[in-house]
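Architecture at a glance
One-letter residues, chain by chain:
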Amino acid sequence: MFDVLTFLFEQYDDPASRPEREHLTRQLEAAGFEDDEIIDALDWLEGMNPEPFIGVNAGSGLRFYSEDEQERLSVEVRGFIQFLEDNQALTPAQRELVIDRLLALDADDVNPVVTRLVALLVLWSQQAELPVLMGEELLAAVHGDPTMQ
């Protein structure tokens, strides 16, 4: 599934320019992706709905993770999400969408590299601009290790 998502990120600068699901499915099949990978990736993308989280930007305060979230999201994953928010790469609403999309994955799939990819996909889906160094850090999920330490 992550290969399909990475492919879509690399193919479409503007996520709104993606073709309809049926056409996109044929395109992904022609690119060599398996049907189950395509279905999982497109279903996951369709679940990326920022609407429930928009009001989060108006508030202030600390984000406490529920017990379930703490079990499913490692300290490293939560720390990376906090790092992105602290460096203004994610708004609070985008943070919540990243968490939502991570929780939509199998628990075994959630790790810091996948978190980078999910954050990048959330920002891509919203056509958000990234600070240069944060963009490099997130692009490492697609292109390899970042130069930033």
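Small disclaimer: the values here were computed from a predicted structure and weren't measured.

1. Let's talk about the nonpolar core
Of all hydrophobic cores here, the largest spans 40 residues; its most connected members are Leu8, Leu28 and Leu102. Listing elements by their share of this core, those giving two or more residues are helix H1 (2-11), helix H2 (21-30), helix H3 (35-46), helix H5 (75-86), helix H6 (92-103) and helix H7 (112-125). Those residues in contact with Leu102 that sit more than four places away from it in its chain are Arg72, Leu73, Val77, Ile81, Val110, Val114, Thr115 and Val118.

2. Thoughts on the pattern of salt bridges
Applying the stated criterion across every chain yields a total of eight salt bridges. As a salt-bridge pair, Glu46 and Arg21 come within 2.8 Å of each other at their nearest N and O atoms. In this pair, Glu46 is assigned in helix H3 and Arg21 in helix H2, connecting sequence segments 25 residues apart. When its relative accessible area of 54% is taken as the criterion, Glu46 is described as exposed. With a relative accessible area of 29%, Arg21 lands in the partly exposed category. A salt bridge links Arg101 to Asp100; the shortest N-O distance between them is 3.2 Å. Through salt bridges with shared partners, one network takes in Arg63, Glu69, Glu85, Arg95 and Glu96.

3. A look at a negative patch on the surface
Together, Glu29, Glu34, Asp35, Asp36, Asp40, Asp106, Asp108 and Asp109 give the surface a local cluster of negative charge. By residue number, the principal contributor to the negative patch is H3, which donates three residues. Within the fold, Asp36 resides in helix H3.

What counts, and at which threshold
- Residues numbered from 1 in each chain as written.
- Predicted model: local features only at pLDDT ≥ 70, side-chain atom pairs only at ≥ 80, totals over all residues.
- Heavy atoms only, no water.
- Core = buried A, V, L, I, M, F, W, Y, C linked by side-chain atoms within 4.5 Å.
- Buried < 20%, exposed > 50% of the residue type's maximum accessible area, 1.4 Å probe, protein only.
- Helix = DSSP H or I, 4+ residues; strand = E, 2+ residues; numbered from the N terminus.
- Contact = heavy atoms within 4.5 Å.
- Salt bridge = Lys/Arg side-chain N within 4 Å of Asp/Glu carboxyl O.
- Patch = residues over 30% accessible without salt bridge, like charges linked within 9 Å, V, L, I, M, F, W, Y side chains within 5 Å.
- Areas by Shrake-Rupley, 256 points an atom, 1.4 Å probe, with all protein chains shown as cover.
- Lys, Arg positive; Asp, Glu negative; His and termini not counted.
- Charge placed at Lys NZ, Arg CZ, Asp CG, Glu CD.

Purely geometric numbers; function is a separate question.
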